[in-house]
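What follows is each chain in one-letter form.
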Amino acid sequence: MNESYLADAIDLARVDRVLVIKLRHHGDVLLTSPVFSVLDKHKPGMEIDALVYADTAPMLDGHPAISQLHRIDRNWKKQGLRTQWREERRLMTTLQNRHYDLIIHLTEHARGARLVRRLRPRYSVAQRYPGKRGRRWQSTFSHTYTIPGAPRHTVEVHLDALRRLGIYPGRDRRLVLVAGEDAEQSAAALMQQHDLNAGDYLLIHPTSRWMFKGWSREGFAEVFQQLHEMGHKLVLTSAPDENELKVVEQIMARIPDLPVVNLAGQLNLKELSVLIKHASCFIGLDSVPMHMAAAMDTPCVALFGPSNEKIWGPWQSSHIVIREDFPCRPCGLDGCGNGKLSDCLMTINAEEVDSSVQQLLSS
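Residues numbered from 1 in each chain as written. Predicted model: local features only at pLDDT ≥ 70, side-chain atom pairs only at ≥ 80, totals over all residues. Heavy atoms only, no water.

This next bit is on the overall build of the chain. For the chain, the count of helices and strands is 14 helices and 12 strands. Taken over the C-alpha trace, the chain has a radius of gyration of 22 Å; the compact-globule value for 363 residues is 21 Å, and the two agree within 12%. The principal-axis extent of the C-alpha atoms belonging to the chain is close to 60 × 45 × 45 Å. Taken across its 363 residues, the chain has 54% of its residues classed as buried. Residue pairs in contact within the chain that sit at least 24 positions apart in sequence constitute 65% of those at least 6 positions apart. Separation between the mean location of the 44 positive side-chain charges and that of the 42 negative ones in the chain comes to 13 Å. (Helix = DSSP H or I, 4+ residues; strand = E, 2+ residues; numbered from the N terminus. Rg over C-alpha atoms; globule rule 2.2 N^0.38 Å. Buried < 20%, exposed > 50% of the residue type's maximum accessible area, 1.4 Å probe, protein only. Contact = heavy atoms within 4.5 Å. Lys, Arg positive; Asp, Glu negative; His and termini not counted. Charge placed at Lys NZ, Arg CZ, Asp CG, Glu CD.)

The next subject is the side chain of His26. Tracing the backbone through its elements, the reader meets His26 in helix α1 (residues 26–30). Leaving out residues up to four positions away in the same chain, His26 has contacts with Asp55, Thr56, Met59, Arg209, Leu269 and Val288.

All right, on to the sheet that holds strand β6 (residues 143–145) then. The pairing of strands in a sheet happens through backbone hydrogen bonds and is either parallel or antiparallel. A sheet is described by the order of its strands in space; here 6 strands give the open sequence β3-β2-β1-β4-β5-β6, paired in parallel fashion. The two strands at the open ends of the sheet, each matched to only one other strand, are β3 (69–72) and β6. The mean inter-strand angle of the sheet, taken between neighbouring strand axes irrespective of direction, is 15°. Sheet analysis places strand β1 (residues 17–21) next to strand β2 (residues 47–53), joined by 5 bridges and oriented parallel. Bridge pairing in β2 links Val18 to Ile48. Where helix α4 (residues 110–119) meets the sheet, it contacts β1, β2, β3, β4 (102–105) and β5 (123–127), and its direction lies at approximately 170° from that of β4. Running at roughly 140° to β6, helix α6 (residues 154–164) makes contact with β4, β5 and β6 of the sheet. (Pairing = 2+ DSSP bridges. Axes fitted to C-alpha atoms, helices over the stretch in contact; angles between N-to-C directions.)

Now for the sheet that holds strand β8 (residues 233–236). The strand order β9-β8-β7-β10-β11-β12 describes an open sheet built from 6 strands, whose pairing is parallel. The outermost strands of the open sheet, each flanked by one partner alone, are β9 (261–262) and β12 (319–322). As defined by bridge partners, strand β10 (residues 281–285) adjoins strand β11 (residues 300–303) across 4 bridges and the pair is classed as parallel. When the sheet's bridge partners are listed, Phe282 is paired in β11 with Cys300.

Moving on, we come to the nonpolar core. Residues Val18, Val20, Leu39, Ile104, Leu203 and Leu275 are the most contacted members of the largest nonpolar core, which totals 67 residues. Here this core takes 6 residues from helix α11 (residues 288–295), the largest share from any one element. Those residues in contact with Ile104 that sit more than four places away from it in its chain are Val18, Leu19, Val20, Ile21, Leu39, Val125, Ala161 and Leu162. Counting residues in hydrophobic clusters, the runner-up holds 31 residues, among them Ile204, Ile251, Leu285 and Ala350. (Core = buried A, V, L, I, M, F, W, Y, C linked by side-chain atoms within 4.5 Å.)

Our focus in this paragraph is the side chain of Asp28. By the element assignment, Asp28 lies in helix α1. Although Asp28 is buried, it forms no salt bridge, and the closest oppositely charged side chain is Lys22 at an N-O distance of 4.9 Å. Non-local contacts of Asp28, meaning those with residues more than four positions away in its chain, are made with Lys22, His158 and Trp312. (Salt bridge = Lys/Arg side-chain N within 4 Å of Asp/Glu carboxyl O.)

Inspection of every chain in the model, using the stated rule, returns 3 aromatic pairs. Considering the side-chain rings of Trp137 and Phe141, the 5.0 Å spacing of their centres and the 55° angle between planes classify their relative orientation as tilted. This pair shows no difference in class: Trp137 is buried, exactly as Phe141 is. Taken together, the ring pairs connect Tyr129, Trp137 and Phe141 into an aromatic cluster. (Phe/Tyr/Trp six-rings, centres within 6.5 Å; stacked < 30°, edge-to-face > 60°.)

A few words on the state of the cysteines. In this structure the tally under the stated criterion is 0 disulfides. Cys328 takes part in no disulfide bond, and the closest cysteine sulfur, belonging to Cys331, lies 6.1 Å away. (Disulfide = S-S within 2.5 Å.)

Structure follows, in structure tokens:
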């Protein structure tokens, strides 16, 4: 749909360069990928850049609609004021030289507003944040928008920024994640080493960087055991983070004799995306690998607790969300009583997970 009824809809003929800012975590950044695709579809040839934290850049690196991917390294601060000042100045010079006509700011981060004031694009858009950002915020942007009180998926909230400009996404709103040739080759070598063929294994990622999103070690151990007894080949992955590796160690201690291909801590994000792509099913938590499974169109079983699946669930892919109907969920808290463990997750049983996997595989 190209027609707009907005009196202040932007004129895309006057937009040659766009900057999309998303300074958040990995999953949040991946969920912006449809924004670039929609923009490119509405005006092919327009240069669309992204500004993200350096560690999250793999989520957008290689996206066919992105011209340049600018990075802010959170380690600049640790390298001293001189290094931080030099790198910040270099980034600002690069952005100024791009002469953006439109800036789309997708969080409440104050840096985005400062960049709009500094770069002075013809158009700019951001969400309103009542109680967080006041009049100066709204006056900074040419367009602002409000999201409804009812839960709305993060992808749709991102796309609301485009709708506010008079750019409507249409039906194709899929996530885009490009692994790249290097990751494809290294993952292929790993698969050959461990005798893994596309579609003949399940990939289980039992960890999250946020402990309150985690399930019990015993539960995952039971899932491994039962899925093995059903004849499935199992691959285990996690980030190289010390806490996540400890969780993996505790799970494996409960099933020491099970023939699991343990790749925990051994894969970068791009390589992990390839292993997920070739799995017959992904099993995990509300975390970036779950969103990667959705991007790779791999059937997904996702365990949800305090977080809201209507906002963060697998996007436009075959999936089953397992949740317990506690009256207090989704609370968004850091575990019950802020104690890092969530009762609504811990009461999920392994049989629910196993049956959900079987249901997806047979559908």
